[in-house]
Amino acid sequence: HAHLAQFHIHGAHGVALAKCVKRNRRARTLDLADCGLTSAALAAMLSAVAANPVLRAVNLSGHAFDVAPADALVKAIRSAKSLEELVLERCQIEDRLLPAITAALSYNLPDRLVSLNLARNRVGDVGAGLLAEA
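Residues numbered from 1 in each chain as written. Predicted model: local features only at pLDDT ≥ 70, side-chain atom pairs only at ≥ 80, totals over all residues. Heavy atoms only, no water.

K.L.:
Explain the packing of helix H2 (residues 39–51) against helix H3 (residues 67–79) here, please?
P.N.:
In a packed pair of helices, the relevant descriptors are the angle between the two axes and the axis-to-axis distance. In the contact formed by H2 and H3, the axes pass within 8 Å of each other and the chain directions differ by 5°. Classified by the angle between their axes, H2 and H3 sit roughly parallel to one another. Only Ala-68, Pro-69, Ala-72, Leu-73, Lys-75, Ala-76 and Ser-79 of H3 make contact with H2, whose side of the interface consists of Ser-39, Leu-42, Ala-43, Leu-46, Ser-47 and Ala-50. For the contact of H2 with H3, the per-class residue count stands at 9 nonpolar, 3 polar and 1 charged. (Axes fitted to C-alpha atoms, helices over the stretch in contact; angles between N-to-C directions. Helix = DSSP H or I, 4+ residues; strand = E, 2+ residues; numbered from the N terminus. Parallel < 35°, antiparallel > 145°, perpendicular 65-115°, else oblique. Contact = heavy atoms within 4.5 Å. Nonpolar A, V, L, I, M, F, W, Y, C, P; charged D, E, K, R; others polar.)

K.L.:
Sorry, what's going on with helix H1 (residues 12–23) here?
P.N.:
Each turn of an α-helix holds 3.6 residues, which means side chains three or four residues apart point in the same direction. The end-to-end C-alpha distance of H1 is 17 Å, a good match for the 16 Å that 12 residues give at a rise of 1.5 Å each. Among the residues of H1, Gly-14, Ala-18 and Val-21 are the ones counted as buried. Summarising the axial view, the buried residues of H1 lie within an arc of 60°, below the 170-degree limit, and thus occupy one face. Opposite its buried face, H1 presents the exposed residues Ala-12, His-13 and Arg-23, each directed more than 90 degrees away. Those residues of H1 that are buried are in contact with strand S2 (29–31) and H2. (Expected span 1.5 Å × (residues − 1). Buried < 20%, exposed > 50% of the residue type's maximum accessible area, 1.4 Å probe, protein only. Arc of directions from axis to C-beta.)

K.L.:
How should I be thinking about the environment of Val-126 in this particular structure?
P.N.:
Mapped onto the elements, Val-126 comes out in helix H5 (residues 125–133). Along the backbone, Val-126 and Ala-64 are 62 residues apart, and their C-alpha atoms lie at a distance of 20 Å.

K.L.:
Whenever I open this one, H2 confuses me. Can you help?
P.N.:
Here H2 spans 19 Å end to end across 13 residues, near enough to the 18 Å set by a 1.5 Å rise per residue. Of the positions making up H2, those classed as buried are Ala-41, Leu-42, Ala-43, Met-45, Leu-46, Ala-48, Val-49 and Ala-50. Contacts from the buried residues of H2 go to H1, S2, strand S3 (57–59) and H3.

K.L.:
Before we go on, may I ask you to explain the nonpolar core in this structure?
P.N.:
Taken as a class, soluble globular proteins show a tendency for nonpolar side chains to be buried jointly. If you look at the biggest cluster of nonpolar residues, it comprises 38 residues, and the most contacted ones within it are Phe-65, Leu-73, Leu-88 and Ile-93. Mapped onto this core, the elements with two or more residues apiece are H1, H2, H3 and helix H4 (98–108). Broken down by element, this core gets its largest block of residues, 8 residues, from H2. Here Ile-93 is in contact with Phe-65, Leu-73, Leu-88, Leu-98, Ile-101, Leu-118, Asn-121, Arg-122 and Val-123, once residues within four sequence places are set aside. (Core = buried A, V, L, I, M, F, W, Y, C linked by side-chain atoms within 4.5 Å.)

K.L.:
Explain the sheet that holds strand S1 (residues 2–3) here, please?
P.N.:
To summarise the sheet geometry, strands pair through backbone hydrogen bonds and adopt either a parallel or an antiparallel arrangement. With respect to topology, 5 strands assemble into an open sheet ordered S1-S2-S3-S4-S5, the strand pairing being parallel. Of all strands in the sheet, those bounded by a partner on one side alone are S1 and strand S5 (115–117). (Pairing = 2+ DSSP bridges.)

K.L.:
I would appreciate a short explanation of the side chain of Asn-52 in the present structure.
P.N.:
The residue Asn-52 is located in the loop between H2 and S3 in this model. Residue class for Asn-52 comes out buried when judged on its relative accessible area of 2%. Within the local environment of Asn-52, its side chain forms a polar contact with the backbone nitrogen of Val-54, the two atoms lying 2.8 Å apart. Setting aside its immediate chain neighbours within four residues, Asn-52 contacts Val-21, Lys-22, Asn-24, Arg-25 and Ser-82. (Polar contact = N/O pair within 3.5 Å; in protein donor to acceptor, adjacent residues only side chain to side chain.)

K.L.:
It is not clear to me how the state of the cysteines should be interpreted in this structure. Could you clarify?
P.N.:
Linking two cysteines covalently through their sulfur atoms gives a disulfide. Enumeration according to the criterion identifies 0 disulfides in this entry. This cysteine, Cys-20, is not joined by any disulfide, and Cys-35 carries the nearest cysteine sulfur, 14 Å off. What makes Cys-20 partly exposed here is its relative accessible area of 48%. In this structure Cys-91 is not part of a disulfide, and its nearest cysteine sulfur, from Cys-35, lies 12 Å away. (Disulfide = S-S within 2.5 Å.)

Here is the structure:
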């Protein structure tokens, strides 16, 4: 278990950590909630999650998902082989991101990802409907 929640991981340190996550074969869970990851570091981390064959649970709560991390999130959901739980509370995820996320979920399910926590985001009725259908 790699519990780094609330550690302030700024700038290039986040990208360097993502490289370590990509190669790590021991940690089954990764908690990076509220670490202050930059957009580039968050995108790199999601790419590392997708490439890591042993991670089962990842918490990236409290990070803002703009375009680059959102694209990496979709790729991670589609391609992560072992990811079962993904926590994305308070990530400013909006309805406009949900079509791509739900398409990735449809591709991923039912074999892998079994829990996606999007609590306290900006998901409205349209996004909730898309998630319910996924």
